[in-house]
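Here's the letter readout for the chains.
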Amino acid sequence: MISFYPYILGITETLNEWNEKLNNIVGGHMDNAFVGALVVGVVFVVSAWGINTLNKK
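Please read all numbers here as calculations on a predicted model, not as lab measurements. (Residues numbered from 1 in each chain as written. Predicted model: local features only at pLDDT ≥ 70, side-chain atom pairs only at ≥ 80, totals over all residues. Heavy atoms only, no water.)

(A) Quick look at the overall build of the chain. Each helix and strand counted, the chain has two helices and zero strands in total. For the chain, whose C-alpha radius of gyration is 15 Å, the value lies well above the compact-globule estimate of 10 Å for 57 residues. Once the C-alpha set of the chain is aligned to its principal axes, its extents read approximately 45 × 25 × 10 Å. Out of the 57 residues belonging to the chain, those deemed buried represent 9%. Carbon together with sulfur atoms contributes 69% to the accessible area of the chain, which is approximately 5400 Å² in total. (Helix = DSSP H or I, 4+ residues; strand = E, 2+ residues; numbered from the N terminus. Rg over C-alpha atoms; globule rule 2.2 N^0.38 Å. Buried < 20%, exposed > 50% of the residue type's maximum accessible area, 1.4 Å probe, protein only. Areas by Shrake-Rupley, 256 points an atom, 1.4 Å probe, with all protein chains shown as cover.)

Next comes the structure, spelled out in structure tokens:
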């Protein structure tokens, strides 16, 4: 488990970078319901794609 620690840190760093980019892109537009729904939809599609990809044998 300890051997995977650097990989976990790398993934966490990447997710934090993506979070900052997403906040910068939609930060001023989040008061709009359409943009919020679009962001939720994109997160759902990416999550479903990731789960589908990781569950392939």
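Picking up after the structure, the text goes on.
(B) Inspection of helix α2 (residues 33–54) at higher detail. The end-to-end C-alpha distance of α2, which contains 22 residues, comes to 31 Å, matching closely the 32 Å that a straight helix rising 1.5 Å per residue would cover. Regarding α2, the residues found buried are Val-35, Gly-36, Val-39 and Gly-50. Summarising the axial view, the buried residues of α2 lie within an arc of 105°, below the 170-degree limit, and thus occupy one face. The exposed residues of α2 that point more than 90 degrees off its buried face are Ala-33, Phe-34, Val-40, Phe-44, Val-45, Trp-49 and Ile-51. Looking at the buried residues of α2, the elements they touch are α1 (5–26). The residue sitting at the N-terminus of α2 and contributing the capping side-chain oxygen is Asn-32; that oxygen lies 3.1 Å from the backbone nitrogen of Phe-34. (Expected span 1.5 Å × (residues − 1). Arc of directions from axis to C-beta. Contact = heavy atoms within 4.5 Å. Polar contact = N/O pair within 3.5 Å; in protein donor to acceptor, adjacent residues only side chain to side chain.)

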